[in-house]
Amino acid sequence: MKPAAFDYARPADWPAALALLAGGARPMAGGQSLGPMLNLRLAQPERVADLRHLPGYAGVEVQGEAIRIGAGTTHAAIEDGAVPGRLGAILAGVARRIAYRPVRNRGTIGGSLAHADPAADWVAVLPAFPGHAVALGPYGERRIPLARFVTGVFETALAPGELLRAIELPVLPETARWSHWKFCRKPGEFSKATACLLALPDAPPRLVLAALDTAPLVIEDATGLDPAALVTSISDPWRRRLALTALRRVLEGAA
Amino acid sequence: MTEQGVGASLRRKEDARFLHGRGRYVGDIAPRGLLEVAFLRSPVAHARLTGIGKPEGAEERVFAAADLPEIGPIRANSALPGFRASDQPALATGKLRHVGEPIAACLAASRAEAEDLAAACRLDYEPLPAVADMLTARAPGTPLIHEHWPDNAFLETRRDEDLSDLDAVAAAKVVRRLRTARQSMAPLEGRGVLAEWDPRLEQLILTSSTQMPHVTKTGLAECLGLDEGQVRVIAPDVGGGFGYKGILLPEELVCAALAIRLGRPVRWLEDRLESLTAHANCREHHYIVTAWADAGGRLLGAEVDATVDAGAYSCYPFSACLEAAQIGSIFPGPYTLPRFRYRTVSACTNKPPILPYRGVARTGVCYAMETTLDALARKLGLSAEAVRLANLVPPEAMPYRNLVGKVFDSGDYPEAVRRAVAAVDVPRIRARQAAGECVGFGLSVFCEQGAHGTSVYHGWGIPFVPGYEQAQARFTPDGVLELRTGVHSHGQGLETTLAQVAHEVLGVDPARVRLVHGDTALTPYSTGTWGSRAMVMAGGAVAEACRLLGERAIAIGAALLQAEPGTATLRNGAVQAGEASISLDQIARTWFRHPQNLPRDVDKGGLEVTAGYRPDPDTGTHSYACHAVTVRIETETGLVTIEDYVVVEDGGRLVNPMIVDGQVLGGTAQGIGTALYEEMPFDAEGQPLAGTLADYLLPGATEVPSIRIDHMETPSPWTRFGQKGIGESGAIGPPAAIINAINDALAPLGAEVTDLPATPARLLAAIEAAR
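Residues numbered from 1 in each chain as written. Chains lettered and ligands numbered in written order. Predicted model: local features only at pLDDT ≥ 70, side-chain atom pairs only at ≥ 80, totals over all residues. Heavy atoms only, no water.

Caption draft 1: Main features of helix α5 (residues 250–262) of chain B. Residue and element names in this part refer to chain B. Helix length check: α5, at 13 residues, gives a terminal C-alpha distance of 18 Å against a target of 18 Å (1.5 Å per residue), a fit within 8%. Most of α5 is tucked away, with 10 of its 13 residues classed as buried. Among the residues of α5, P250, E251, E252, L253, V254, C255, A256, A257, L258 and A259 are the ones counted as buried. (Helix = DSSP H or I, 4+ residues; strand = E, 2+ residues; numbered from the N terminus. Expected span 1.5 Å × (residues − 1). Buried < 20%, exposed > 50% of the residue type's maximum accessible area, 1.4 Å probe, protein only.)

Caption draft 2: Summary view of the sheet that holds strand β3 (residues 47–50) of chain A. Residue and element names in this part refer to chain A. The strand order β1-β3-β2 describes an open sheet built from 3 strands, whose pairing is parallel. Each edge of the sheet is formed by a strand with only one pairing partner; in this case those strands are β1 (7–9) and β2 (26–28). This sheet shows a mean twist of 30° between the axes of neighbouring strands, independent of strand direction. Pairing geometry for β1 and β3, over 3 bridges, is parallel. Paired with Y8 across the bridge in β3 is V48. (Pairing = 2+ DSSP bridges. Axes fitted to C-alpha atoms, helices over the stretch in contact; angles between N-to-C directions.)

Caption draft 3: Here's a closer look at the side chain of Q492 of chain B. Residue and element names in this part refer to chain B. Secondary-structure assignment places Q492 in the loop between β22 (481–485) and α13 (494–506). In terms of polar contacts, Q492 uses its side chain to reach the backbone amide nitrogen of H490, at 2.6 Å. Excluding anything up to four places from it in sequence, Q492 contacts R12, T529, I659 and Q663. (Polar contact = N/O pair within 3.5 Å; in protein donor to acceptor, adjacent residues only side chain to side chain. Contact = heavy atoms within 4.5 Å.)

Caption draft 4: Fine view of the nonpolar core. By size, the foremost hydrophobic cluster in this structure holds 109 residues, and its most contacted members are Y287, V304, F331, I633, L676, I738 and I742 of chain B. In terms of residue count, the dominant contributor to this core is helix α8 (residues 362–380) of chain B (8 residues). Setting aside chain neighbours within four positions, we find L676 of chain B in contact with R185 of chain A together with V640, I642, I738, I742, P757, A758 and T759 of chain B. (Core = buried A, V, L, I, M, F, W, Y, C linked by side-chain atoms within 4.5 Å.)

Caption draft 5: Region of interest: the packing of aromatic side chains. All names here are of chain B. Per the stated rule, a full pass over the model turns up 18 aromatic pairs over all chains. Here the aromatic rings of F331 and F340 are separated by 5.7 Å at their centres, their planes lie at 15°, and the arrangement is stacked. Joined through ring pairs, the aromatic side chains of F318, Y457, W460, F464 and W530 make up one cluster. Over the ring of F18 we find R17, and its NZ or CZ is 4.6 Å from the ring centre. A cation over a ring is seen here: R720 above F721, with NZ or CZ 4.6 Å from the ring centre. (Phe/Tyr/Trp six-rings, centres within 6.5 Å; stacked < 30°, edge-to-face > 60°. Lys NZ or Arg CZ within 6 Å of the ring centre and 35° of its normal.)

Caption draft 6: The UniProt feature "domain: FAD-binding PCMH-type" (unreviewed entry) in chain A, seen in detail. The positions that UniProt labels "domain: FAD-binding PCMH-type" (unreviewed entry) are, in the present scheme, residues 1–174 of chain A. For residues 1–174 of chain A, the end-to-end C-alpha separation is 48 Å, with 28% helix and 25% strand making up the annotated structure. (UniProt positions renumbered as here; feature names shortened; annotations may be inferred.)

Caption draft 7: Structural detail: the domain arrangement of chain A. For chain A, the assigned domains read domain 1 (7–53), domain 2 (60–170) and domain 3 (177–253). For domain 1 of chain A versus domain 3 of chain A, the separation of C-alpha centres amounts to 33 Å. (Domains from an automatic or database assignment.)

Caption draft 8: Spotlight on the UniProt feature "domain: Aldehyde oxidase/xanthine dehydrogenase a/b hammerhead" (unreviewed entry) in chain B. The UniProt feature table records "domain: Aldehyde oxidase/xanthine dehydrogenase a/b hammerhead" (unreviewed entry) at residues 20–129 of chain B. Between the C-alpha atoms that bound residues 20–129 of chain B there is a distance of 51 Å. The span itself is 9% helix and 29% strand.

Set out below in structure tokens:
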């Protein structure tokens, strides 16, 4: 399959990108989801705005107690240690298991999050962190808590005309406990169940259950959680069992 | 054996080209003025087609069946009694019979624009209920797919034998209902075709990703009403065949007709969506197996009721019964089954035609037989090994004719089992099981008939019957040996192995041997590369052509050396008489460039020989193998990990053991796909549900374990070097061995898996059901 014809635009700055978006262009980051959708003609936009050349779109900055990850930072950069410290180690562990290296070389953290595929890795993992998605719109930046960013299947809290600019995450102490589990039969397969748990000192453990037919389920305080009660709404018995296993594994495994 | 002859693990001559990305495939060939084709395909499984609306202004670039009346239907009928004939139109006429069936060809300068045209076409149809389940396809009241038939089946075959006394005498009886999934073959390169009309030669030149160029030529000529001389088929580099590329495609006919009509080159390149959903379907079997055994595990008899979902049409040239009709003859496997009763049905459904895939019916049959034997072993409290050894044809019985007339040429089947079991630490697996680990050990044993010829195929009465295989051997004036074969190499390494054969006979350095193949204008007619036949048939033919060529060279050489005829011999690429010798290069130069020096009685045929070959008897070689697998199961998720994989294989004399290892490894990887991953599901409306490789899972590098291969080498008494066909073998054994290992692991839970692939969901369901 080949895509239907579309115009290709490469904005040189953010105002130009926002203007393209206002004109109905479909933003493209690494193109690892949109590319196949174009080829299969599941998406037929009139115009695609390629964001990859925007200034500051990729890259990681430490700003005091926060780490700002440009939305265009690739999975491969994160895998290779672009994010410092304990947080970087956690994110690198997640990035390493995203699809295959060729996908990671082009795919981006922001593109993946904004695409909001329920089985995607960053969609499943980022809500566990007390951080924000930084949206850029015609009126400037606004911050959306990561736990509320993905609102449904392929749906986000981004308003029309807004772009995902960056992800802001806290610097984590070395004592932060983390556990992440996902089920794929082979690398590259979409996850059939993902869970993760972040326990910061002096804070309740935060847990996410994802790869569901809905937005990820975020539990702000997983203390005393009954995993079985959380999965009753999953109708397929195997998927229910996997979700249960995912929850049990991360509850046992946080280290 | 020399360092480069038969038996040497010579590095592949073709690999420099492939590893440097210099292979040349249909997709690399784009002549000036090329038009690309996209096909408008049926979106529904079953409907009456009432109209096609072409996009305004593009009427001249969209071609439906009515626009191309010169294309006759594809007819692949079998002479087996009761076979129901069907026509497969190249473009749908009147009815739509499966999703993806071609309806119209849309032409444009690029594929994307051609797809735009296809998307802009209007399609009018009246939907009919789809026949999506082979088991209910023949039920009364089911809509007929081919309306002149009494019910939806291509063929039913039977062997009646009364087994009603066995219940009373057997120590154990088991009944199993088993299913293998519909799969889709996945060669790296899909199908592709480039059609051109040469006005000078008045010849159609069809460059196609095919493994059987000559049969494709015959099929094209028949369907297009051309003389065979007006058709030339070229198979360039082909990225994997596996059976899929042995089939004459509607798209080949349409591109050919368009090139003739328009006088411009026309190309269609299959994409993965088309391959998965419209074409490469294979393998879907359902079995009910009943088997009786005595207390020692010796089989007393078996009854098989098998149904194969053959899809909507009969594929050319193998026909719609290539799977089901073989089940009866190969079910007894490598065993001395004393009594046997079967019924097989080739059901017709609204799915793409079932096509031959590496192993053809054997993979399903081996799965049915071997899982049944394990069920008997569990019931009798015997080991899997003991039940195999109680039933395998013993070496002293070779050659052995079984109760359905299959003739096994040679081999020590029990030894393969003993070696495979000895290679595994089975007591340790039993100890781990006793400690509560969910691990299991499983075996499968099978034999593979390959290179079977006229005596086997004439009875099928399908569009082709293999006869004598021919090869040409000739020297060029500089002494390079050119081999020309009608078989095609697309992964088999024939450029290397046939050079090894020539070296064995003539002593010519394999580096100075060129294989010309894949072009009907340049090579002798051949049914092509299929049925694990190339090394036996083309190997035999090349050896014979080289032998005759050598005789002619010896006669010339002896004269040039002024030696008595009869005293000269051919050694190390030179004719020798006493102390004197003359190289084949010099002999070639003399024939072509200094004929004044030739003896007066020289054979005027010169240094060019076409020779034919067929083993006698031609009932086929039987390679055989035992696969022994250890698995670990995660009972929380149903995930299966293959811990260990052993293959003990006997391919007779191995022409190139390294290449045989490659064949075994590749086939086993595909068999692992059949066992654990690959499944093309359809919904009740006949819609295929896996349209990308994210949905249709193939095993990758991380899913295929390191496979330990052990070779036995029992020569076939009937072939030129004792070689046997081995190409499909690896893909036959894995599902049986892996599922037997899984069921061994699940036995303490009382659970058993019967349906392929053994996905985590199926495993967990089996475990749940046993609770």
